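Structural overview
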Amino acid sequence: MGSSFLLQPSRSLMEEAMAAAGQSQDDLKRIVALRAVELVRSGMVLGLGTGSTAAHALDRIGDLLRGGDLRDIVGIPTSEWAAARATAAGIPLTDLAAHPVVDLSIDGADEVDPALNLVKGRGGSLLQEKMVEGASRRFVVIVDDSKLVPRLGGSGLAIPVEVIPFGWALTLRRLQNLFDGTPGFNLKLRTASINAKASAFTEKESEIEPFVTDNKNYIVDLFFEDGIHGDL
Ligand SMILES: O=C(CO)[C@H](O)[C@H](O)COP(=O)(O)O
């Protein structure tokens, strides 16, 4: 991957946003997404991110294309969700086979540590995000301040790992062994009921059905009481 860096609402923008009555977290997501889209130029191959922050960027790119301010853009979606959102926004889609080098990817994240290491994929899209963003010359991460942590896992929320269904229980045990002895460490297979996207199951079935990713894989969620200490 080329350079990756973080865009947050700048101090003045953040203060402006927080000062104005009624500004929500979603407003902050929109502000930072719009700043990231300022980096988009006509003719670029874009990596199209997934999630509620990236949604603002996709919609903005669509607006600029419709208004004629951007031309000849093609986008590689990082999930089925992103493909649908980009299509609705009017962004022409392509893939990594046709465009193995991506000029710029814009995506959200679940956690960002001070060294700009990321947790991604709590929404369930991991593998394609990593492939598209890994093929990018430039990767711009757009987050509001709720995503900043002193160390990964520090929010106490899941660190997702996508695993193939074959032998998933063995993979889960190996992940368990990897972090054995880490105080407050826990892990579990993500079930369909946990991921809102997996709505095909009834409530009762969903308690026992694994969540299935766009790539037909499972997810094991890792939890750290106080984040990951030491080398990643
Ligand atoms: O990795 C992701 C999806 O798999 C998202 O980028 C991440 O979950 C952030 O989402 P949001 O902007 O909705 O907080």
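Refer to the structure above for everything that follows.
The sections below set out a description of the structure shown in this document. (Residues numbered from 1 in each chain as written. Predicted model: local features only at pLDDT ≥ 70, side-chain atom pairs only at ≥ 80, totals over all residues. Heavy atoms only, no water.)

This paragraph deals with the overall build of the protein chain. Of the regular secondary structure elements, the protein chain holds seven helices and 10 strands. Counting over 232 residues, the protein chain shows a buried share of 45%. Long-range pairs, those at least 24 residues apart, make up 74% of the contacts in the protein chain with a sequence separation of at least 6. Total accessible area on the protein chain stands at roughly 11,800 Å², and carbon and sulfur atoms take up 53% of it. (Helix = DSSP H or I, 4+ residues; strand = E, 2+ residues; numbered from the N terminus. Buried < 20%, exposed > 50% of the residue type's maximum accessible area, 1.4 Å probe, protein only. Contact = heavy atoms within 4.5 Å. Areas by Shrake-Rupley, 256 points an atom, 1.4 Å probe, with all protein chains shown as cover.)

It is worth spelling out the packing of aromatic side chains at this point. A complete count under the given rule lists four aromatic pairs for this structure. When the centroid spacing of 6.4 Å and the interplanar angle of 70 degrees are considered together, the rings of Trp168 and Tyr218 count as edge-to-face. Residue Trp168 is found in helix α6 (residues 168–178), and its partner Tyr218 is found in strand β10 (residues 218–224); the two are separated by 50 residues along the sequence. The buried category is assigned to Tyr218, whose relative accessible area is 17%. Between Phe185 and Phe224, the aromatic rings sit 5.0 Å apart at their centres with planes inclined by 45 degrees, giving tilted as the arrangement. Taken together, the residues Phe185 in strand β9 (residues 185–189) and Phe224 in strand β10 connect sequence positions 39 residues apart. Following the ring pairs from residue to residue traces out a cluster consisting of Phe179, Phe185 and Phe224. Against the face of Phe211 rests Arg190, its NZ or CZ located 5.9 Å from the ring centre. (Phe/Tyr/Trp six-rings, centres within 6.5 Å; stacked < 30°, edge-to-face > 60°. Lys NZ or Arg CZ within 6 Å of the ring centre and 35° of its normal.)

Our focus in this paragraph is the packing of helix α3 (residues 52–67) against helix α4 (residues 80–89). One way to put it is that α3 packs onto α4 with a least axis distance of 8 Å and a crossing angle of 30 degrees. As far as their axial angle goes, α4 and α3 are roughly parallel. The crossing of α3 and α4 is right-handed. Across the interface between the two elements, Ala55, Leu58, Asp59, Gly62 and Arg66 of α3 pack against Trp81, Ala82, Arg85, Ala86 and Ala89 of α4. (Axes fitted to C-alpha atoms, helices over the stretch in contact; angles between N-to-C directions. Parallel < 35°, antiparallel > 145°, perpendicular 65-115°, else oblique. Left-handed = near helix turned anticlockwise from the far one by under 90°.)

Taken in spatial order, the three strands make up an open sheet running β8-β10-β9, and their pairing is antiparallel. Each having just a single partner strand, β8 (159–163) and β9 make up the two edges of the open sheet. The average undirected angle you get between the axes of adjacent strands in this sheet is 25 degrees. With five bridges connecting them, β8 and β10 associate as antiparallel partners. (Pairing = 2+ DSSP bridges.)

By size, the foremost hydrophobic cluster in this structure holds 22 residues, and its most contacted members are Val40, Leu46, Ile61, Ile73, Ile91, Ile106 and Ile142. If you list the elements that add at least two residues to this core, you get α2 (25–37), β2 (45–48), α3, α4, β4 (102–107) and β7 (136–142). When residues in this core are grouped by element, the largest group, five residues, is from α3. Excluding residues within four positions of it along the chain, Ile91 makes contact with Leu48, Leu58, Ile61, Gly62, Leu65, Ile73, Gly75 and Ala86. One finds Val119, Val163, Leu175 and Phe179 within the second-largest nonpolar core, a separate group that totals 16 residues. (Core = buried A, V, L, I, M, F, W, Y, C linked by side-chain atoms within 4.5 Å.)

Moving on, we come to the pairing of β4. Burial runs high along β4: five of the six residues are buried. Two elements, β2 and β4, share three bridges in a ladder whose sense is parallel. The residue of β4 that forms the bridge with Leu48 is Ile106. The pairing of β4 with β7 spans five bridges and is parallel. Within β7, the position partnered with Ser105 by the bridge is Phe139.

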